[in-house]
Amino acid sequence: MKTNITISIFFSVLCFVTGRNLMAQSQVSAYTDLGWNNVSDGLFIKSAGLAQYQFGKYEAGAGIQIDLKSNNKNVLSGYNFYFSRNCMIKNFPLEIQSFFLLIPFSDILRETNWGFLLNIKLNHVAISAGTNFRTTSFTKNIESLYEINTKNKFHEIWNLMYSFSYYFKPLDNPWNISLSLTDIDNFVISQESNPVINLRASYELSSRLNLFVESWYKSSGVLNCAKNNFGFFFRTGIIWNIN
């Protein structure tokens, strides 16, 4: 029941976004992940949809993630909301973004995460830096099963967020290839010492449609004394510029 309500809310927001003033810019993207990691118990398949609406210097967006195949009993495995503002500092473009994530890992644990990001895009480079505040807590289901106090929570504050991307073509080129080192994804923020390497290729099918493919590799403890393989996944999707 909750799943149906959440999906209905998301698509209601999507219809609202697509029906707004044509002077604004609306964008919808969808993608699918296929991969494995040390805790996935085999192959996992996830799909996600995101919608964003830009009005003047401001932008708002929302997204949901669905687990098609995983060891997580929750089909809806991620919620993403953000709000940002573009500004100029001495002719230097800068985006200031705030966000909120809700990640139901299982019937036992869930994570909430909120924070702030500064985003910079130049000719061949995109850089993001910021901080987040993560809270891991028990769900209410566990209180009756294991007599655990669900008020007990684990807080992480002032976690470092970063992303460094280099594009082989200018950012506005119809096709491009980029390489990124980051601890940020749409529904996951990794620990600072466990960055992900992302190789991305994109192609502009038309003025409104853009196709992209990505390969993500994550290691464990790459910035520590010892490094181990954690997982890999492949992503493909489309971006639709509505107006």
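Throughout what follows, the structure given in this document is the object of discussion. None of the values given here were measured: they were computed from a predicted structure.

Glancing now at the pairing of strand E2 (residues 44-55). Each regular strand shows side chains that alternate between the opposite faces of the sheet. Bridge analysis of strand E1 (residues 25-37) against E2 gives eleven bridges, and the strand direction is antiparallel. In the strand pairing of E2, Gln 25 is matched with Gln 54. Turn length for the E1-E2 hairpin, with the two strands adjacent in sequence and antiparallel, is six residues, and the turn residue Asp 41 shows positive phi of about 60°. Pairing of E2 with strand E3 (residues 58-69) involves eleven bridges; the strand directions are antiparallel. Bridged to Leu 50 within E3 is Gly 63. Adjacent in sequence and paired antiparallel, E2 and E3 are bridged by two residues, among which Gly 56 carries a positive phi angle near 65°.

Attention shifts here to the packing of aromatic side chains. The geometry of an aromatic ring pair is captured by the separation of the ring centres together with the interplanar angle, meaning the angle of the planes. Counted by the stated rule, this structure contains ten aromatic pairs. On the basis of an interplanar angle of 15° and a centroid distance of 5.4 Å, the ring pair of Trp 216 and Phe 233 is categorised as stacked. Residue Trp 216 is located in strand E11 (residues 209-220), and its partner Phe 233 is located in strand E12 (residues 228-241); the two are separated by 17 residues in the primary sequence. In this pair, the class of Trp 216 matches that of Phe 233, namely buried. Each residue in the set Tyr 53, Phe 55, Tyr 58 and Phe 83 is aromatic and connected to the rest through ring pairs, giving one cluster. In this arrangement the basic side chain of Lys 46 is found over the ring face of Phe 44, its NZ or CZ atom lying 5.6 Å from the centre. In this arrangement the basic side chain of Arg 235 is found over the ring face of Tyr 31, its NZ or CZ atom lying 4.1 Å from the centre.

The rules behind the values
- Residues numbered from 1 in each chain as written.
- Predicted model: local features only at pLDDT ≥ 70, side-chain atom pairs only at ≥ 80, totals over all residues.
- Heavy atoms only, no water.
- Pairing = 2+ DSSP bridges.
- Helix = DSSP H or I, 4+ residues; strand = E, 2+ residues; numbered from the N terminus.
- Phe/Tyr/Trp six-rings, centres within 6.5 Å; stacked < 30°, edge-to-face > 60°.
- Buried < 20%, exposed > 50% of the residue type's maximum accessible area, 1.4 Å probe, protein only.
- Lys NZ or Arg CZ within 6 Å of the ring centre and 35° of its normal.

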